[in-house]
Structure formats: C-alpha cells, structure tokens
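Inside the fold
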Amino acid sequence: MTAYETLSVEEHADRVVVTLCRPAARNALDSRMIAELHRVCEDLERTPRLLLLTGHGGVFAGGADIAELRRRGRDEALRGINSRLFERVRGLPLPTVAAVPGWALGGGAELAYACDLRIAGPDAVFGNPEPGLGILAAAGACWRLRELVGESVAKQVLLAGRTLDAGAALACGLVMDVVPAGRLIDEAHAVLDRMSRSSALALRLTKLVTDAAGAHPVADDLAQAVLFESPDKEERMTRFLEKKGGRA
C-alpha cells in the first residue's frame, strides 16, 4: 500500500476514502499534500472508483499553505499548482463527494467546489478570503463558484468576503445536505452506496456528458448508444421487469 504523509487513504473495492491530515496547520494544502493528492488521482484514473474526500479533526481544509504562497512568484502561478490538481479532481471518471465538517477556506473551499457533491456538517463554513492576502481565488473559485451558486452569491463570497455557513450553503445549493457531525461520514457513505448500486459505466458517461462544455444532443445519443449495447443494461432492465412481473 502506498504510504502518505499528509493524507489518510482507505481503499475499498468500489471507493477510496481520503482524509486531509495536517492537524497542526488546519489541514492546509501544501506542496506535499498536492503531490499526494495527484497520486490518489492517478490511482483513480487507472482504476476508476468513487471518491470520498474529508478532513481530519473537524476541519476540511483551512486554505492553502500561506508560507508557501508567500514564496511563490509569477512562474509558480503560471504552473497552476493548485488549479491543475483541482481540475484533475473534477475530471475523475466516477463521482466525488466532499464531506465538509468545518472550515473550508481558500484552496480548501476550491477543492470542495471541485468535487461533484458536497455534504456539510453543522459547523461547515465556506469562504474565499484571498483578496485580503493580495491575491485572487485562482484555483477555480472565480468561475466554478459562479456555476455552483450563481453570480450574486459568488460575488458576495469572492468580493465582499462573505462566508457561507452550513445553512447558507444548503440554501444556495452548494451542499446537498447538512447532517449532524457524528453522522457526516456515514451519510456521505450512504450517498456513495446509492451510487455504487448504479451502473459504473452509466455513472461515468452521465458525469462526462454533464460536465462537457456546450451540451449537445449528439453527446447524449452517443453515450446512450454505448450504454444500450452494454450487458449491464440488459441485466439491470431484465431484473427490473422480473420484479414488476414483466410490466414496465
């Protein structure tokens, strides 16, 4: 099993559970954690499975490592150190769920935004305070948050420094549910359990079509054509009809 220093990684047949674990730094994303998350992505690209991403100690991620950010210059910005990772997370073949127990700020918030779904604990807080540090939220928040919650709320967060607590995040659709802290991981697994009962190929193609820029009926038709020829579709529909006594 691969050894990690900043992550706790549990591998299962249908999913991988990754816990951000830098407790002394509120799980802030540093270069080592970025590298280790790339390794997780590489594994999931090679062997597609569902991903559950959470944080240790009641915090998701308190941001990027400020000491590292202060040392970065133009060349590092052009490398897109954080944004390339988050885009890779976004592009994973099968769905990803972020279970957010507490603070998800700056780069931590952007990592959560890159996941397909988010579930919040009652103490969850999302925010992007980057302009206060003389930079912008350049790892996806400036455009991804607008897609998730709309222009008005996105500008409140990005320009006015508003933070979204669990209730506000639920109200604007950023999270799918708010659950008690002690049930957060169990509820996230329950969502993954529902997904795992679906066809993995159908999930993969649905995500691919949903995320594609410029939706087009031809993309739907091509993906459906692949699924219509799959043995899994035949078996699942046969079981459904047998349960219904042959009725649709």
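Provided above is the structure to which this section pertains.
Below or above, wherever it landed, is the structure these notes cover.

Cut-offs and rules
- Residues numbered from 1 in each chain as written.
- Predicted model: local features only at pLDDT ≥ 70, side-chain atom pairs only at ≥ 80, totals over all residues.
- Heavy atoms only, no water.
- Helix = DSSP H or I, 4+ residues; strand = E, 2+ residues; numbered from the N terminus.
- Rg over C-alpha atoms; globule rule 2.2 N^0.38 Å.
- Contact = heavy atoms within 4.5 Å.
- Areas by Shrake-Rupley, 256 points an atom, 1.4 Å probe, with all protein chains shown as cover.
- Lys, Arg positive; Asp, Glu negative; His and termini not counted.
- Charge placed at Lys NZ, Arg CZ, Asp CG, Glu CD.
- Pairing = 2+ DSSP bridges.
- Axes fitted to C-alpha atoms, helices over the stretch in contact; angles between N-to-C directions.
- Salt bridge = Lys/Arg side-chain N within 4 Å of Asp/Glu carboxyl O.
- Buried < 20%, exposed > 50% of the residue type's maximum accessible area, 1.4 Å probe, protein only.
- Core = buried A, V, L, I, M, F, W, Y, C linked by side-chain atoms within 4.5 Å.
- Phe/Tyr/Trp six-rings, centres within 6.5 Å; stacked < 30°, edge-to-face > 60°.
- Lys NZ or Arg CZ within 6 Å of the ring centre and 35° of its normal.
- Parallel < 35°, antiparallel > 145°, perpendicular 65-115°, else oblique.
- Left-handed = near helix turned anticlockwise from the far one by under 90°.
- Nonpolar A, V, L, I, M, F, W, Y, C, P; charged D, E, K, R; others polar.

Structural notes on the overall build of the protein
Tallying secondary structure elements over the protein gives twelve helices and nine strands in all. Relative to the 2.2 N^0.38 estimate, which gives 18 Å for 248 residues, the radius of gyration of the protein is 19 Å and therefore close to what a compact globule would have. For the protein, restricting intrachain contacts to residue pairs at least 6 apart in sequence, the fraction spanning at least 24 positions comes to 68%. As displayed, the protein has an accessible area near 13,000 Å², and 55% of this comes from carbon and sulfur atoms. With 31 positive and 33 negative side-chain charges, the protein shows a spacing of 1 Å between the two charge centroids.

Focus on the sheet that holds strand β7 (residues 125-127)
Read from one edge of the open sheet, three strands run β5-β7-β8, paired in mixed fashion. The open sheet terminates on both sides in strands that have one partner only, identified here as β5 (103-105) and β8 (164-165). The pairing of β5 with β7 spans three bridges and is classified as parallel. Paired with Ala104 across the bridge in β7 is Phe126. Of the strands in this sheet, β5 and β7 are in contact with helix α5 (residues 107-114), which crosses β5 at around 95°.

Side note on the pattern of salt bridges
Evaluation of the coordinates by the stated rule reveals 18 salt bridges. Here Glu68 and Arg72 are joined by a salt bridge, their closest N and O atoms 3.5 Å apart. Exposure remark for Glu68: the relative accessible area of 14% places this residue in the buried category. If you follow the salt bridges from partner to partner, you end up with Arg90, Asp116, Lys207 and Asp211 in one network.

Description of the nonpolar core
Where a protein is soluble and globular, its nonpolar side chains tend to be buried together. By size, the foremost hydrophobic cluster in this structure holds 49 residues, and its most contacted members are Leu7, Val18, Leu20, Leu37, Phe60, Leu111 and Phe126. Per-element tally for this core: the top contributor is helix α1 (residues 31-46), with six residues. One finds Leu94, Ala99, Ile119 and Ala188 within the second-largest nonpolar core, a separate group that totals 14 residues.

Focus: the packing of aromatic side chains
Under the definition given, this model contains zero aromatic pairs. A cation over an aromatic ring shows up here: Lys233 above the ring of Phe228, its NZ or CZ 4.8 Å from the ring centre.

A closer look at the pairing of strand β4 (residues 96-100)
β4 sits mainly inside the fold: five of its five residues count as buried. Judged by which residues are buried, β4 turns out to be covered on both faces: Thr96, Ala98 and Val100 on one side and Val97 and Ala99 on the other are all buried. Bridging between strand β3 (residues 50-55) and β4 involves three bridges; their strand directions are parallel. Across the sheet, the residue bridging to Leu52 is Val97, located in β4. The pairing of β4 with strand β6 (residues 117-120) spans four bridges and is classified as parallel. Bridge pairing links Val100 to Ala120 in β6.

Remarks on the packing of helix α6 (residues 141-149) against helix α7 (residues 151-158)
Angle between the axes and distance between the axes: these two values describe a pair of packed helices. The geometry of α6 relative to α7 is characterised by a closest axis approach of 7 Å and an angle of 140° between their N-to-C directions. The angle between α6 and α7 places the two elements in the oblique class. Regarding α6 and α7, the two cross each other, and that crossing is right-handed. Every residue of α7 that contacts α6 at Ala141, Cys142, Leu145, Arg146 and Val149 is listed here: Glu151, Val153, Ala154, Val157 and Leu158. Considered class by class, the residues forming the contact of α6 with α7 number eight nonpolar, no polar and two charged.

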